Amino acid sequence: MFYRKNMNGMGRNAKRLCVPLVALMFSASVEAQATAGAETQADAEQSPEVMVLTVEQAVDYALENSRTLKSNDIDLDIKARAAKYAWNVFLPTVQVSGTLARQNDIKSSIDSANRMIDLANGIASAISSGSMTPHTEETESMHWAAIGTASASLNLSLAYIQQIRAAKADYEVGKISWEQNQKETVLNIKKLFYGLLLQQENLKVQQNSLSNARSRARQAQTNYNNGRIPELSLLNAQVTYQNKIPEVEQMEQTVQQQLDTFAFLIGLPVGTRIELSGSIEPTYIEVDTDDLLAKYGDASLDIQSLQQNIKVLKLNLGALNLAAYTPALALSFSLQPTLADAFNKSWFESDNWTDGGSFSATIAWNLTNLLPFSANRQQAKDLQANIAKLELTMETLRENQKLSVRKAVDTLVQARQQIDSMSRNITLAQRSYDMTVRSYNNGATELLDLRDSETQLNQAKLGLANQKFNYISALLDLENTLNTDLLGGTK
């Protein structure tokens, strides 16, 4: 009963230590599950060498190979191009065309021409000079005409200026969103990295316990052979050792699987064997909630993004108001050279061509947009409502920021206190365990007492590692919330 109680206690402790890493691995594995189906066996080449990774190298791999970040790069390029060429609303619309047309009925044109000839002949007869001009006879060529068209039009409105500014502001929103995704990736990779180090620390403790159990089983065999302990004590030591073997082997397999998943998440080829280089040793800093908020409160990317979104909506609202309350100017110019009787006249004689083009300048004002129930005014009211909502969201975001910063600072303070306390406790637990081992080897202490002493030492070691991870995790969260490097490049 005492053995099972201690084993259950160790199991619960290990589960508590696994909680941060399991949560991180679950959230980060979404991308892995979404893309794993696309990986083929040809990509899963096994690497015979082990790649040693520091936390900085892991972050670099993730930033370079993340499919999500590559998709974000494309989104940012789209917004950048939209902002760069937003001025193209001032480009005129230019069109050219050429037409060869056949009129079905030209009788009226011929009759008109013949009347003009009769008039000319009458004048010539009256003054008794010149010869008479014969009437025009209809031919197939007269049905055909060549028509060319070249036109340019330009619409000008004050609303365009606001639209250009809105496009540039939207690009700024895109840049902030891109930076947020970058920092979120860095945060998750670092947490996963240190979480895996925590798991490896737990594994080392369990492997050490297995080694101790093996040594105790051997010592028990020696003591039994020398008549120092009964057979029951020997059996208990052997059972403890045998029960510990599958537990440690299972943990080794779990840690290796987590390392494989981590390698895939940062963009390494499937099957790459990695080894983490680093330790869970935080760099301690002195922080104060009010000072942090005063210095870095406005540096938060969430707040900057929301501010830019409000700016975009206000610019769009301004564009709608200008479109409603100011007129627009439309400029148009066209050329329309026409050649009648296209097959009988020379196309290269300018006198054979006539031009039906024109120039116009029009001021237009859509008075319907002034009506309070018009589509323009309703859209403006929707924008005003959305601006009001975002401003409320801004207030909520600032309050949440205060809570997040206060929580992180409290975690840092508490974790550091726990680290100091547990460091002292480990020293005492180690001394107690060493004395108990010597007493057990001399046959003066029962195996149950020795296991209890070892359990207390292991709990102290794992508790210290867990508090160090908590400190590092809280510091990373705090830096991410405030969008700053509180360690000044020392981490």
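Keep in mind that this is a model prediction, so the values were computed, not measured. Position numbers for residues count from 1 along each chain, tracking the sequence in the order it is written. Local features in a predicted model are, by the rule used here, given only for residues with pLDDT of at least 70; side-chain atom pairs are given and counted only at 80 or more, and totals for whole chains, interfaces and linings are based on all residues. To obtain the side-chain values, all non-hydrogen atoms of the structure were included, while hydrogens and water were left out.

> What am I meant to see in the overall build of the protein here?
Per the convention used, a helix needs a DSSP run of H or I reaching at least four residues, while a strand needs a run of E reaching at least two, with both numbered from the N terminus. Assigned secondary structure in the protein consists of ten helices and eight strands. Burial statistics for the protein: of 491 residues in total, 36% are counted as buried. By definition in these notes, contact holds between two residues if any of their heavy atoms fall within 4.5 Å. Considering only contacts within the protein whose residues lie at least 6 apart along the sequence, 84% involve residues at least 24 apart. Note on areas: Shrake-Rupley with a 1.4 Å probe; residue coverage comes only from the protein chains shown. As presented, the protein carries roughly 28,500 Å² of accessible surface, and 53% of it is formed by carbon and sulfur atoms. Partly exposed residues are those whose accessible area sits between 20% and 50% of the maximum for their type, while under 20% is buried and over 50% is exposed, using a 1.4 Å probe and protein chains only.

> Help me understand a nonpolar patch on the surface in this model?
A surface patch of nonpolar side chains, amounting to about 580 Å² of accessible area, comprises Tyr85, Trp87, Phe90, Leu91, Leu158 and Ile161. Note on placement: isoleucine 161 falls in helix H5 (residues 159-225). Isoleucine 161 gets classed as partly exposed once you look at its relative accessible area, which sits at 43%. Patches were defined on residues exceeding 30% relative accessible area and lacking a salt bridge, with like-charge contacts within 9 Å and nonpolar side-chain contacts (Val, Leu, Ile, Met, Phe, Trp, Tyr) within 5 Å. Each reported salt bridge corresponds to a side-chain nitrogen of Lys or Arg within 4 Å of a carboxyl oxygen of Asp or Glu.

> Mind showing me how you'd approach the nonpolar core here?
Soluble globular proteins tend to bury their nonpolar side chains together. Nonpolar core, defined: a set of buried Ala, Val, Leu, Ile, Met, Phe, Trp, Tyr and Cys residues in which side-chain atoms within 4.5 Å join the residues together. Grouped together as the largest cluster of nonpolar side chains are 35 residues, with contacts concentrated most on Ile189, Phe193, Tyr194, Phe262, Ile266, Ile274 and Leu276. Secondary structure elements with two or more residues in this core: helix H2 (55-65), H5, helix H6 (231-265), strand E4 (273-276) and helix H10 (447-482). Considering each element in turn, this core owes the most residues, 13 residues, to H5. Once residues within four sequence positions are removed from consideration, phenylalanine 193 is found in contact with Leu53, Thr54, Val55, Ala58, Phe262, Leu276 and Ser277. Core analysis: the second largest hydrophobic core is formed by 19 residues, Leu292, Val405, Val409 and Leu475 among them.

> Please clarify how the pattern of salt bridges should be interpreted in this entry.
Enumeration over the complete set of coordinates arrives at ten salt bridges. Glutamate 247 is paired through a salt bridge with lysine 244; the nearest N and O atoms lie 3.7 Å apart. A residue pair is termed a helical-turn pair when its members lie 3 or 4 positions apart in one helix, as glutamate 247 and lysine 244 do in helix H6 at three residues. With relative accessibility at 27%, the residue glutamate 247 sits in the partly exposed group. In this structure, lysine 468 and glutamate 281 form a salt bridge, with 2.8 Å as the shortest nitrogen-oxygen distance.

> In this structure, what is going on with the side chain of arginine 216? I would like to understand it.
Positionally, arginine 216 belongs in helix H5. Judged by relative accessible area, which is 7%, arginine 216 ranks as buried. Here arginine 216 is in contact with Ser209, Ala237, Tyr433, Tyr440, Leu447, Leu450, Arg451 and Glu454, once residues within four sequence places are set aside.

> Looking at this structure, I do not really get the packing of aromatic side chains. What am I missing?
In this description, a pair of aromatic rings is defined by centroid distance and the angle of the planes. Any two rings among Phe, Tyr and Trp, with Trp reduced to its six-membered ring, count as a pair given centres within 6.5 Å; such a pair is stacked if its planes are under 30 degrees apart, edge-to-face if over 60, and tilted if neither. Within the structure shown, the criterion is met by five aromatic pairs. Centroid distance tyrosine 284 to tyrosine 471: 5.0 Å. Interplanar angle 75 degrees. Geometry classified as edge-to-face. With tyrosine 284 in the loop between E4 and helix H7 (289-296) and tyrosine 471 in helix H10, this pair connects stretches of sequence that are 187 residues apart. Tyrosine 284 gets classed as partly exposed once you look at its relative accessible area, which sits at 30%.

> Help me understand the environment of methionine 51, please; the structure alone is not making it clear to me.
Take methionine 51: it is sitting in strand E1 (residues 50-53). With 212 residues separating them along the chain, methionine 51 and alanine 263 place their C-alpha atoms 9.8 Å apart.

> Help me understand unusual backbone geometry, please; the structure alone is not making it clear to me.
Most of the time, phi is negative for any residue but glycine, and the peptide bond is trans. Of note in the backbone geometry, asparagine 483 takes a positive phi value of approximately 55 degrees without being a glycine. Take asparagine 483: it is sitting in the segment after H10.

> Looking at this structure, I do not really get H5. What am I missing?
Each turn of an α-helix holds 3.6 residues, which means side chains three or four residues apart point in the same direction. Multiplying 1.5 Å by the residue count of a helix minus one yields the expected span of that helix. End to end, H5 covers 98 Å across 67 residues, agreeing with the expected 99 Å (1.5 Å per residue, within 8%). Backbone geometry just after H5 places glycine 227 at a positive phi near 75 degrees.

> What is the right way to look at the packing of H5 against H10 in this model?
Two packed helices can be described by the angle between their axes and the distance between those axes. Here an axis means a line fitted to C-alpha atoms, over the contact stretch when the element is a helix, while the angle between two N-to-C directions is reported on a 0 to 180 degree scale. Where H5 meets H10, the closest approach of the two axes is 10 Å, and the angle between their N-to-C directions is 170 degrees. When the interaxial angle is binned, H5 and H10 end up roughly antiparallel. Classes in brief: Ala, Val, Leu, Ile, Met, Phe, Trp, Tyr, Cys and Pro nonpolar; Asp, Glu, Lys and Arg charged; the others, Gly included, polar. Of the residues in the contact of H5 with H10, the class split is eleven nonpolar, ten polar and ten charged. Note that the term roughly parallel is reserved for angles under 35 degrees, roughly antiparallel for angles over 145, roughly perpendicular for angles of 65 to 115, and oblique for everything else.

> Quick question: what am I supposed to make of the side chain of threonine 240 here?
Inspection of the secondary structure puts threonine 240 in helix H6. Overall, the relative accessible area of 9% leaves threonine 240 in the buried class. Whenever a nitrogen or oxygen atom comes within 3.5 Å of another N or O atom, the pair is scored as a polar contact, on the condition that within protein one atom can donate a hydrogen and the other can accept it, and that pairs from neighbouring residues in sequence are kept only if both atoms are in side chains. Polar side-chain contacts of threonine 240 include one of 2.8 Å to the backbone oxygen of asparagine 236.

Any functional reading would require information beyond the geometric quantities listed.
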